[in-house]
Amino acid sequence: MPTLRHHDSIAVLDLGDGENRFSPDFFTEIHAHLDTVVADGAAALVTTATGKFYSNGLDLDWLTANGDRATEYVEAVHTLFGRVLTLPMPTAAALNGHAFGAGAMLAIAHDYRVMRTDRGYFCFPEADIRIPFTNGMAALIQAKVPPKTAVAAMTTGRRYDAGTALSVDLVDATAPEAEVLDTALALLAPIGAKDQPTMTAIKSVMFADVLDALRGKD
């Protein structure tokens, strides 16, 4: 279950202690916490998790059992990505463990990423599990990483360890397990609080094409 706490003026959202897949309940809980983060005027946001996983992304079991709601589900995934992408404060994902598929995309939607050095992979496995990227997912990844990295990461299913992920700009920093969260906090703290409407407007312009793709607009 996601939980929210604060470190000084920075909100810390823990996605949970399991695989943290995107179930309908997960969406509800995450959006509720993000509502609080925005309403409280947090200076910045760090998301992390507890245990082996940051997030394994799509809840494939739920999707299999609810195939008639697939379109609705994908829209919910896109809505979450779009919201994180344009949150009105600096954001960082502190990757405590594996970030796979849509879980890696959630990390990509943040402004910055810090990855644990001793364990965990950053991976887009879609090519191997036969699930093509949606237009919105592809646009999100391609807006955030260099073209050469996007081609390799999106078409090979490669599992990147922290050092390699850093070298190809999938993440911005690496740290030992005990220091991942502190590194993310230290990365955001000097930025300071910004005016929320201004931040949302800046990010919305920066990523206008991504937002259009996530919303299904041509």
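A brief look at the structure comes next. A quick note: this is a predicted structure, and the numbers were derived from the prediction, not measured. (Residues numbered from 1 in each chain as written. Predicted model: local features only at pLDDT ≥ 70, side-chain atom pairs only at ≥ 80, totals over all residues. Heavy atoms only, no water.)

**A word on the packing of helix H3 (residues 70-85) against helix H6 (residues 135-144)**
With their axes 10 Å apart at the nearest point, H3 and H6 run at an angle of 25° to one another. With respect to their mutual orientation, H3 and H6 come out roughly parallel. In this structure, the crossing between H3 and H6 has a hand that is left-handed. Only Gly136, Met137, Leu140 and Lys144 of H6 make contact with H3, whose side of the interface consists of Val77, His78, Phe81 and Leu85. A class-by-class count of the residues in the contact of H3 with H6 yields 5 nonpolar, 2 polar and 1 charged. (Axes fitted to C-alpha atoms, helices over the stretch in contact; angles between N-to-C directions. Helix = DSSP H or I, 4+ residues; strand = E, 2+ residues; numbered from the N terminus. Parallel < 35°, antiparallel > 145°, perpendicular 65-115°, else oblique. Left-handed = near helix turned anticlockwise from the far one by under 90°. Contact = heavy atoms within 4.5 Å. Nonpolar A, V, L, I, M, F, W, Y, C, P; charged D, E, K, R; others polar.)

**Thoughts on H6**
All of the buried residues in H6 are Gly136, Met137, Ala138, Leu140, Ile141 and Lys144. In this fold, the buried residues of H6 make contact with H3, helix H4 (102-109), strand S7 (112-116), helix H7 (147-156) and helix H11 (208-214). (Buried < 20%, exposed > 50% of the residue type's maximum accessible area, 1.4 Å probe, protein only.)

**Side note on the pairing of strand S1 (residues 3-7)**
Across 5 bridges, the pairing between S1 and strand S2 (residues 10-14) is antiparallel. Residue pairing across strands places Thr3 opposite Asp14, the latter belonging to S2. The hairpin turn running from S1 into S2, its antiparallel successor, is 2 residues long, and Asp8 in that turn takes a positive phi close to 55°. (Pairing = 2+ DSSP bridges.)

By themselves these figures say nothing about function.
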